[in-house]
Structures are given as C-alpha cells and as structure tokens.
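# Structural overview
Single-letter residue listing:
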Number of protein chains: 2
Amino acid sequence: MQLRSVILVLGFLLLVTAACLLIPAAIALLYREGDWPAYLAACGIGLAVGGALFWLGRGAAEPRAREGFAIVTFGWLCVGLLGAVPLSLSGQIPSYTDAAFESISGFTTTGASILTDIEGRSHATLLWRALTQWLGGMGIVVLALAILPLLGVGGMQLYRAEVPGPSPDRLTPRIRSTAKRLWGVYFLLTLLEAVALMIAGIGPFDAVCHAFATMATGGFSTRNGSVGAFGSPAVEWIVILFMFLAGTNFTLHYLALTGNLRAYWRDEEFRFYAKIVLSAGLAVILVLWRADFFASIGATVRHGLFQMVSIITTTGFGTSDYLLWPPFTHAVLLIAMAVGGCAGSTGGGIKVMRVVVLLKQGKCEMNKLLHPRGVFTLWFNERALPSGLATHVLGFFLLFVLVYVAGVLVLTLGGRDLVTAVGATAATLGNVGPGLGEVGPASNYAGMVDWEKWLLMFLMLIGRLEIYTVLVLLLPGAWRKS
Amino acid sequence: MQLRSVILVLGFLLLVTAACLLIPAAIALLYREGDWPAYLAACGIGLAVGGALFWLGRGAAEPRAREGFAIVTFGWLCVGLLGAVPLSLSGQIPSYTDAAFESISGFTTTGASILTDIEGRSHATLLWRALTQWLGGMGIVVLALAILPLLGVGGMQLYRAEVPGPSPDRLTPRIRSTAKRLWGVYFLLTLLEAVALMIAGIGPFDAVCHAFATMATGGFSTRNGSVGAFGSPAVEWIVILFMFLAGTNFTLHYLALTGNLRAYWRDEEFRFYAKIVLSAGLAVILVLWRADFFASIGATVRHGLFQMVSIITTTGFGTSDYLLWPPFTHAVLLIAMAVGGCAGSTGGGIKVMRVVVLLKQGKCEMNKLLHPRGVFTLWFNERALPSGLATHVLGFFLLFVLVYVAGVLVLTLGGRDLVTAVGATAATLGNVGPGLGEVGPASNYAGMVDWEKWLLMFLMLIGRLEIYTVLVLLLPGAWRKS
C-alpha cells in the first residue's frame, strides 16, 4: 500500500466537500436562518484537514488498483464524517452520532434517517441532506463505471470494454474522462426532474431537493410524509419515471443523449431490469387490487408501481405505509430490495447485472449435470463471459449474504427483535433506507442506540462500496508494502 | 432417458417398502389394535404396483447418471405416497393429503407433522412414522455417499475418491458395496441409542421409535411434548450425543468402527462441524444464561445445546419452546438450520462441507482482488479442489436461495404472513420440521390448507434430494432420447 497516494486523494475529496458546504451556507443566509456559521466552520475544517492531507500527499505516484480500495473506502468515510459536522454544530442534529448517521446515510444514498420531525429542520439542513445524496450518487456512478472495473470488483469488469479509456494500470486519467461525461448526464437529468416537478406545482426548493434525492436513489425528502405528502399524482408519476431512470446504467443515458436511443433495449441488463419492474410491479398491483386496498384502480396502479420502483432502485421514497399491505407484497419488495438497480446506476443492492449472471450460472450448472462432458459458455450482451467472472459474481453474492447474516446476528445479540434486525440490515446493506418493524416506512432509526447506529453506518458503507472494496482492506495482505 | 431402467428401480423400491409395511402390521397385532388390515392392504398395493413395475422394467440396462436423477426423485415420491396409504386407510390420519404430508415428511427425514394429538395415535402409526424416517435416513446416506457423487451433484464429488468402487458409468455395483457397509453402521448406532435410552428408563417402544427418529435426524416423537416430555436429563443428553453422531458423515463412523478413530479429527468437515456446534451452542447458552431463562446452569447448558444440535442436524426434536427465547438465539438457530449436517450424514440443509467450500471461496475471491495475477487453489482435506467444484457449490447455494425465495413468494401469495412463510419454507426445504410463527415448535402444520401442504412436500423433496436432483428433471434436455 502506497499510503501517500491514498492521502493525496482523500485530501482532494475533503477539499471538494468543503467547497460544497458553501452552498447550504448560502441557502441559510438566503432564508435568513441562523445556521450559516456552522456550515462555514465545517467548510473551514474541511479546508484545513483536506489541505493538510493534500500537502502531505504531494508528489505521490498515481494510485494503483491496490490503493483504490483504500481510497474508495476511506474517501466515503471521511466525506461522510465531515458532512456530519455542520448538522451537529448547528444544533439541528445535536448528537454527532446522529449527525454522522444522517450524513453517511446521505453520501451512501441510503436515505435512512434518524429525524422524527423533518419539516421542523432549517432549509440549510434539508438542502445539505439532499446534496449529500446527490454528491454521493454521482460518486457511485463514477465508482461503478470507472473505478470498480479497474479494481476487478464483483463482476463489474463486464463494463470494462464498454467504456474505452487508458490502460488499467493507472486509475486517474480514465476516471477523469468517464467522470466528465457522466457528470453532464447526471446534471441534465436532475435539472429535467426539478423543472418537471416545478411544472407539477412544487416550489423550487422542494423540487430541487427531491430531484437531488431521486437521481441519487437516496430517498431523503423535505416532508415528514415523503413524496406522498404532496398529494399530487402528477408529482408521483414524475418521481416514478426519474427513479426508474436513476436505477439505469448511466452509460446508456449517455449513449441515448448522443443519439443512440436503441442502446437501452440492446442492453441485456436494462431489458431484465425493465421486465422485473413491470412484472413484479404488476403482481403487487394485482394483489393490492384484489385486497381492495386503494379506492380507485388509478391509485392502486400508482401506489403499487411507486413503491416497487422506489424499493428496487433502493430509493426509499414512500407514498403509502407498505407494512399495512398484504404479506405477498412484502416478500416481493424484500426480493426487489436485494436485487437493486443496474450496475453503473445510483441504485444499491446486488445489482441486476449480477442477478442475471447468477441465474444464467444456475441454469448452466444444471445443464452440466446432464452433460458432464459438455462445455458451457455464459453469454452476456452477446459477449462470452470470462471464465472466472461467474465465480466472482457468485462470491459477491455469498459475501453479501454473509455480511447480512453477521449484521442480523449482532443486532439481535444487542436485543433487537428479529424482524427489526432483518429489516434494518437489509435496508442499510442494500442502501434502501426504510426497513421493517421498528425501522419501517412510517418510522425511522431514532430509536436505535449509538452502537447500533455506527454498525448500520458501517453496513451502509459496505453495501454502497460493493462489499469487496471494504472487506478486502480487512485482509492483512492489503497493507503489506509492495 | 431410458425409462425402463427407472421403472425397474422404482418397482424394486416399492417392493422393499411393501415388505417394511409388515412391521407396523405386526406391531398392531401385538398391541391388539385394529389398524393391521390397513397395513396389509397397503402392503398388497405396494406388492402389486411394485411387482408390475418390476416386471415392466425387466431386462433394463443398468441405470446411468441421467436415469439416476429420475430414480432418486420419483423413488422418494412413490415410496412417500405408498407410505401414506396405511395412515389414511386406518383412519388414523383420514385425509390422504395429511397422510402424504406425514409420510413424505418422514421419508425425507423432515419431521414436520400435521398431528395435533400424537399420543392419541395407535402404536402402529407411531412406529410407522418413526420407521419412515429411519428408512429415509438410510436412503439419504446411501444417496449422498454412493449415488450423488456419480451424478456430480453440488460438490458431492468431494467424497468420490474416499469410497473406492467400480467405474462411475454404471451405478448399481457401487451402490451395493457402499450401502452394505453403511447399513451396518447405521443399524449399530440405532441399536446403541435404543439400548442407552432403555437404560435411562424409557420403555422399549418409545426407545426404538426415538432411536429411529434420532439416527435419521427426522424428529418424529411419540410424545406431544417431543423429547422434553420424558423430563429426564439423561435421556436428553443421550439424544444430544446421537443427534450429533447422526449429523456426521457416516463414512467416518465406518472408519472409526474399523479402528481408525483419528479419522474424525482428520476430516476437515467434521472439525468445522464440531467447532460450529460448540461455538454457536456456547453463544446460545450464554445468552440464555444472561437472560436467566432456566432455573439452573445445568438446565441452561442442556436445553441450549439440545436445541442447537437438534436444529443444526435438522432433527427438530424439542425440549423447550425456543420461540420464547431471546431473538439472538433465533438468528443463530436460523443460520444453523441453513448450514445443516455434514455431507454423507442424515442431516439436511446446505451441508457443512459446502459451507466450508463457500467460505474458502469467499476468501479466495478477496485475495484475487489484491493479487489479480495470482493463482489460487482451494484445499479441502489436504487435496486441491477441482477447479469447477467451487462454482458448482456456489451454484447449489444460489439454487437453494432461489427455491427458498420462490417458496416464500407462493406462500405469501396465498395469504400467509411473512414469518410463517419464511419459517415453513426454511423448515421444509432444510428438512428440519418445526419452523417459526404458526408452524413453530409448539405448534404444527395442521392449520395449513391442502395446496400449501403439497407445496411443502415438494420443498421437502427438493431439499432432501440436494435440489439439483429434482430441478434437473425440469430441464427439457433431461427427457430427450439419448
């Protein structure tokens, strides 16, 4: 491990975050609220620490794959911890643990909250919550499409060939070129949604905050009742559309914007994603309709599809308390939670691409039993998968389950009931936000004690950074001098 | 598929079962109970159908791997359906669906029951329930050690080299030689347990029935209160010991009986199995002790260890209603349920061997990320694993999860609550018996409707036959003429 290059990048990330802290400071001044000094102070801390690290790391060599793991993990952690400072300093979320929970939940685009009264918070707090998600979401897309394939994490190599770039030995040049293109797409889609929401009748502040939270599949709302609070079907349909887009590989949006609209349907992952959303959404809608849950068929379709898209993209917005829905919908939503969005989207979970590879692998294993001497090739997007890749994806799935099980074990050891433990672990590891039981959609994480909150923050990071990235750092070999 | 050789073996299995039906008939006559005609009638049906099939299949070629899948799946199904006939005919379990549930639960050594009043049943019924488990248990051991390795199912090939036999192209001679050796071990251990239980003060009938159900890791008891009903610590310790032995690879017992006692500790799977039982058992005991759940430390250790061994070996005997225990113990027990016994034991679940391979594979995948050009070999019992084997085991794990998820989906679609659906699916697919919620240890499956019972029977078969065996038959390729 060449620590110096890690330190350099961490310093850079803190400097960028510090600059971003000026936006909520300006908002506080604009709304004449008293918490602008907290944001300026946090900005100062960020500049000082970030600057010091940047200076310490000056002249470092370009980071290689091995440093990539440390940069990604500690990057998200440092930025999350810095983002918590103004929330805590301003007295809006006095406990630093709570502030860190909110901030890390934001940067990991989880959307789990400890706030019981969201509407009572200052504008700066609400904007900063949304902005942490938006920044985190952009980070995730760059991570998934530019950094992880180089690190070889969990089958993300599938997209290596799609995005041409310099040799995989040096990370930075490639990240820059990919980031620039995706940044534009991300910005444009966010702008489109904000404008659409304003046309639908929402004020500019709420519209921007919700556009930030939607495109990041984060799920922080400015209202206690989430998106449902606006009581506007048009708003809900707009959010459904943009959640769906946010759960799509951003490379496809880029290709579509450059005129190649057929790119969507030519992508096997996108086809599967659209099919799951439609078929599982339809199943949920039919069950809700048979149970006469909503007054009209229109409301049934809207609420069913909203919750389905919100959960599979791991956004976590709500329009209805799904814990009151029939049990079948819970099972479908829990599975959707695990599946997650497409690779290269801002969505969390296992990722649709991996699920497709897993299903193909399952079928292949059965065929092998019938034809023990047969040679089978897995195809994805009309290319043969490298032989080690399926094992890699299976390994990812296995680690996902192991971390999940470990999370449930520790939470129940602390005395939580099984449903809450299962819900909280699934919702944080999958970066969804709302869970089941005591942390369900009509509730929040305020009732958790401090060590539980830190554990859940760790799960958010592990889930967000594709598990391998964090766990690899636990191997002694990661720290050996090379 | 050469159907003729499948038919021949199915006929043979039905004839054997028909002969076994004479034992409960004799018991009914001995206790002067009126249900002996039902057993004789069932025996007659078995002889007629079995004889007819045997005659139809005469002169068939030796079955090959491809036929193996059909023989195993339909064999268990036919025997289970025949075993239900006397239960239903005798009026002891009037509904044929209920009788089939009890019989298939027995032959798959699951131990899930629809009986609300076990003690009110006739001796013949109770003995036949225990005997179905014992016969099923023996079948499972032969299946795991002699048949599955030849079929190449789910990593069972690991044991191929251990048990020398004829070439893998023809199944029968090898099965015969292995079955003979294991039959002796199985019989001896059952006898030992029955004698030990009698010395501990239990009557011969109860002792034999419990020895049958223990060695098969089945879990059918002759008492409403399961093993706890005897109120004897000595009995419980004896059952703990024999459940543990039943969850061990029977090859090791064979080696130990031929003088090679060190075989146990030289086997990596056994070491891991022993470590899980001890460490997870200790964790459960400590939590129970801290919660002051039982009056004495002796009772705490006994109940904790009993439940731990009963669940990990998927026996399903009970001494205490674990649903009242602290939630942490539920999480541990649910995990133990999934792990299951050793390969080549009568225990169900994923199997310890596969779990060991999965964990090694997970670590290997992480090491690969650090050393992308490194070559890693998985070792098991001091032998390098063939390269495709880890993928095979991962595929098994994946299919296990998929079938599990499908089971939960269908049960909740029918209106079951999520906890009951999760518990019932886990308990039947893992061949444990008692689940959670409405099918918990203090309850049973009587409240399920008919289609749910048939679904659960299907899950028992899939779980018992290592998933692949049944699912392979769903591929069109399995039925093509070769």
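Quick notes on the rules
- The residue numbers shown here count from 1 along each chain, following its written sequence.
- Numbering of ligands from 1 and lettering of chains from A proceed in the order in which they are written.
- Where local features are concerned, this predicted model is filtered to residues with pLDDT of at least 70; where side-chain atom pairs are given and counted, the filter is 80 or more; whole-chain, interface and lining totals use all residues.
- With hydrogens and water stripped out, all remaining heavy atoms of the structure feed into the side-chain values.
- Under the DSSP-based scheme used, a helix requires at least four consecutive residues in state H or I and a strand at least two consecutive residues in state E, with every element numbered from the N terminus.
- Three exposure classes are used, based on accessible area relative to the maximum for each residue type with a 1.4 Å probe and protein chains only: buried under 20%, partly exposed in between, and exposed over 50%.
- Contact definition: two residues touch when any of their heavy atoms are within 4.5 Å.
- Residue burial considers only the protein chains on display, and all accessible areas are found by Shrake-Rupley using a 1.4 Å probe.
- We treat Lys and Arg as the positive residues and Asp and Glu as the negative residues; His and chain ends play no part in the count.
- By convention, the charge on Lys lies at NZ, on Arg at CZ, on Asp at CG and on Glu at CD.
- Domain borders in the structure are assigned automatically or taken from a domain database.
- Two parts lose some accessible area (1.4 Å probe) when they are put together, and adding that loss for both gives the buried area.
- One side-chain nitrogen of Lys or Arg within 4 Å of one carboxyl oxygen of Asp or Glu is enough to make a salt bridge.
- Two N or O atoms form a polar contact when they lie within 3.5 Å of each other; inside protein one atom must be a possible hydrogen donor and the other a possible acceptor, and for residues adjacent in sequence the pair counts only when both atoms belong to side chains.
- Gly is put with the polar residues, along with every residue not named as nonpolar or charged; the nonpolar set is Ala, Val, Leu, Ile, Met, Phe, Trp, Tyr, Cys and Pro, and the charged set is Asp, Glu, Lys and Arg.
- In summary, the pairing rule links any two rings of Phe, Tyr or Trp, Trp by its six-membered ring, whose centres are within 6.5 Å, and it sorts them by plane angle into stacked for under 30 degrees, edge-to-face for over 60 and tilted for everything else.
- Throughout this description, the term charge over a ring refers to an Arg CZ or Lys NZ atom that lies within 6 Å of the ring centre and within 35 degrees of the ring normal.
- In this description, a disulfide is simply a cysteine sulfur pair whose atoms lie within 2.5 Å.
- Each copy is superposed on the other by least squares, with the fit set by C-alpha atoms of residues at a pLDDT of at least 70 in both.
- What pLDDT conveys is the predictor's confidence in a given residue, as a value from 0 to 100.
- A helix's residues, less one, multiplied by 1.5 Å, set its expected span.
- A patch consists of residues whose relative accessible area exceeds 30% and which take part in no salt bridge; residues with like charges are grouped when within 9 Å of each other, and nonpolar side chains (Val, Leu, Ile, Met, Phe, Trp, Tyr) when within 5 Å.

This brings us to the overall build of chain A. Looking only at helices and strands, chain A has 19 helices and two strands in total. With the principal axes as the frame, chain A shows a C-alpha extent of 75 × 65 × 55 Å. Among the 482 residues that make up chain A, the fraction classed as buried is 63%. Nonlocal contacts in chain A, meaning residues at least 24 apart in sequence, comprise 72% of its contacts between residues at least 6 apart. Of the accessible surface of chain A, which amounts to about 17,300 Å², a share of 68% is contributed by carbon and sulfur atoms. For chain A, the distance from the average site of its 32 positive side-chain charges to the average site of its 25 negative ones is 12 Å.

Residues and elements named next belong to chain A. Backbone geometry at T217 places phi at a positive 45°, although glycine is not the residue there. Its place among the elements puts T217 in the loop between helix 8 (204-215) and helix 9 (233-246). Take T217: its relative accessible area is 0%, and that puts it in the buried class. A positive phi angle, near 60°, is found at I467, a position not held by glycine. Relative to the helices and strands, I467 is located in the loop between helix 18 (450-464) and helix 19 (468-471).

Further remarks concern the domain arrangement of chain A. All names here are of chain A. Taken domain by domain, chain A holds domain 1 (3-162) and domain 2 (382-479). Placing a centre on the C-alpha atoms of domain 1 and another on those of domain 2 gives a separation of 20 Å. Listed by partner, the interface residues are 38 residues for domain 1 and 32 residues for domain 2. Between domain 1 and domain 2, a total of about 2,800 Å² is buried, with carbon and sulfur atoms accounting for 73% of that surface. Looking at the side of domain 1 facing domain 2, the largest losses of area belong to T97, F101 and T110, adding up to 20% of the total buried there. Summed over the shared surface of domain 1 and domain 2, the result is one salt bridge. For K453, the salt bridge identified is with D98, shortest N-O distance 2.6 Å. At the boundary of domain 1 with domain 2, the tally comes to eight residue pairs in polar contact (both at pLDDT 80 or more). The element that contributes the greatest number of residues to the side of domain 1 that touches domain 2 is helix 4 (residues 65-89), accounting for nine residues. A class-by-class count of the residues in the side of domain 1 that touches domain 2 yields 22 nonpolar, 13 polar and three charged.

Inspection of every chain in the model, using the stated rule, returns 38 aromatic pairs over all chains. Measuring from centroid to centroid gives 6.1 Å for F294 of chain B and W325 of chain B, while their planes differ by 90°, and the two rings are edge-to-face. Note that F294 of chain B is positioned in the loop between helix 12 (268-290) and helix 13 (297-312) and W325 of chain B in the loop between helix 13 and helix 14 (327-339), a separation of 31 residues in sequence. Of the two residues, F294 of chain B and W325 of chain B, neither departs from the other in class, the shared state being buried. Clustering of aromatic rings is evident, with ring pairs tying together W134, W183, Y186, F187, F212 and F250 of chain A. The ring of F396 of chain B has R354 of chain B sitting right over it, with the charged end atom 3.5 Å from the ring centre.

With that settled, consider the state of the cysteines. Residue and element names in this part refer to chain A. For the structure shown, the criterion picks out zero disulfides over all chains. Here C20 stays unpaired: no disulfide links it, and the sulfur of C43, its closest cysteine neighbor, is 9.6 Å away. Its relative accessible area of 13% is what places C20 among the buried residues.

On to the interface of chain A and chain B, then. With 51 residues of chain A at the interface, the matching set in chain B holds 51 residues. In this assembly, chain A packs against chain B so that about 4,100 Å² is buried in total across both faces, 81% of it on carbon and sulfur atoms. Considering only the side of chain A, the residues that lose the most area to chain B are M366, L369 and L370 of chain A, jointly responsible for 17% of the buried surface there. One can count zero salt bridges joining chain A with chain B. Seen at the junction of chain A and chain B, the total is two residue pairs in polar contact (both at pLDDT 80 or more). Looking at the side of chain A that touches chain B, the elements with two or more residues in it are helix 4, helix 14 (327-339), helix 15 (352-370), helix 16 (387-413), helix 17 (418-429) and helix 19 of chain A. With 14 residues, the top contributor of residues to the side of chain A that touches chain B is helix 16 of chain A. Among the residues making up the side of chain A that touches chain B, the classes are represented as 32 nonpolar, 12 polar and seven charged.

Before going further, it helps to examine the relation of the copies chain A and chain B. Both copies of the chain are related by one operation, a rotation about an axis with a shift along it. With an RMSD of 0.0 Å, the fit of chain A onto chain B corresponds to turning through 180° and sliding 0.0 Å along the axis. Expressed as a symmetry operation, the mapping of one chain copy onto the other fits a two-fold axis. A shared interface surface links the copies, since 100% of the contact residues of chain A are contact residues in chain B too.

All names here are of chain A. When pLDDT is averaged along chain A, the result is 88, and 94% of the positions lie at 70 or above. Of the regions scoring below 50 in pLDDT, residues 160-170 engages in 20 contacts with residues more than four places distant in sequence or in other chains. With a pTM of 0.88, the predicted complex shows an ipTM of 0.84.

Spanning 19 residues, helix 15 (residues 352-370) of chain B covers 28 Å between terminal C-alpha atoms, matching the ideal 27 Å at 1.5 Å per step. Extensive coverage of helix 15 of chain B is indicated by the burial of 14 of its 19 residues.

The next point concerns the environment of A42 of chain B. All names here are of chain B. Tracing the chain through its elements places A42 in helix 3 (residues 36-56). Distance in space between the C-alpha atoms of A42 and L148 is 30 Å, their sequence separation being 106 residues. Once you skip the residues sitting within four places of it in the chain, A42 turns out to touch L21, L82, V85 and P86.

All names here are of chain A. The tally for this structure, following the rule as stated, stands at 20 salt bridges over all chains. Between E102 and R129 there is a salt bridge, with its nearest N and O atoms 2.9 Å apart. Highlighted residues: E102 in helix 5 (residues 96-107) and R129 in helix 6 (residues 123-151), separated in sequence by 27 residues. Among the residues examined, E102 registers a relative accessible area of 1% and is labelled buried. What makes R129 buried here is its relative accessible area of 3%. A single network of salt bridges, built from pairs that share partners, joins K351, R354 and E466.

The subject of this paragraph is the side chain of H303 of chain A. Residues and elements named next belong to chain A. Note on placement: H303 falls in helix 13 (residues 297-312). Judged by relative accessible area, H303 falls into the buried class, the value being 10%. A polar contact of 2.8 Å, which involves the side chain of H303, links it to the side chain of T319.

A few words now on helix 1 (residues 3-20) of chain A. For helix 1 of chain A, with 18 residues, the first-to-last C-alpha span of 26 Å sits near the 26 Å given by 1.5 Å per residue. Listed in full, the buried residues belonging to helix 1 of chain A are S5, V6, V9, L10, G11, L14, T17, A18 and C20 of chain A.

Attention now moves to a nonpolar patch on the surface. Residues W183, F187, L191, V195, M198 and I199 of chain B make up a contiguous nonpolar surface patch of about 590 Å² in total accessible area. Mapped onto the elements, V195 of chain B comes out in helix 7 (residues 172-199).

Residue and element names in this part refer to chain B. Along the chain, R266 turns up in helix 11 (residues 263-266). Judged by relative accessible area, which is 60%, R266 ranks as exposed. A C-alpha to C-alpha distance of 9.6 Å links R266 and E382, two positions 116 residues apart in sequence. Setting aside chain neighbours within four positions, we find R266 in contact with R271 and N381.

This part takes up the environment of E236 of chain A. Residue and element names in this part refer to chain A. With respect to the secondary-structure elements, E236 resides in helix 9. E236 sits in the buried class, given a relative accessible area of 4%. Considering only alpha carbons, one finds E236 and S122, 114 residues apart in sequence, at a separation of 25 Å. At a separation of 2.7 Å, a polar atom in the side chain of E236 contacts the side chain of R302.

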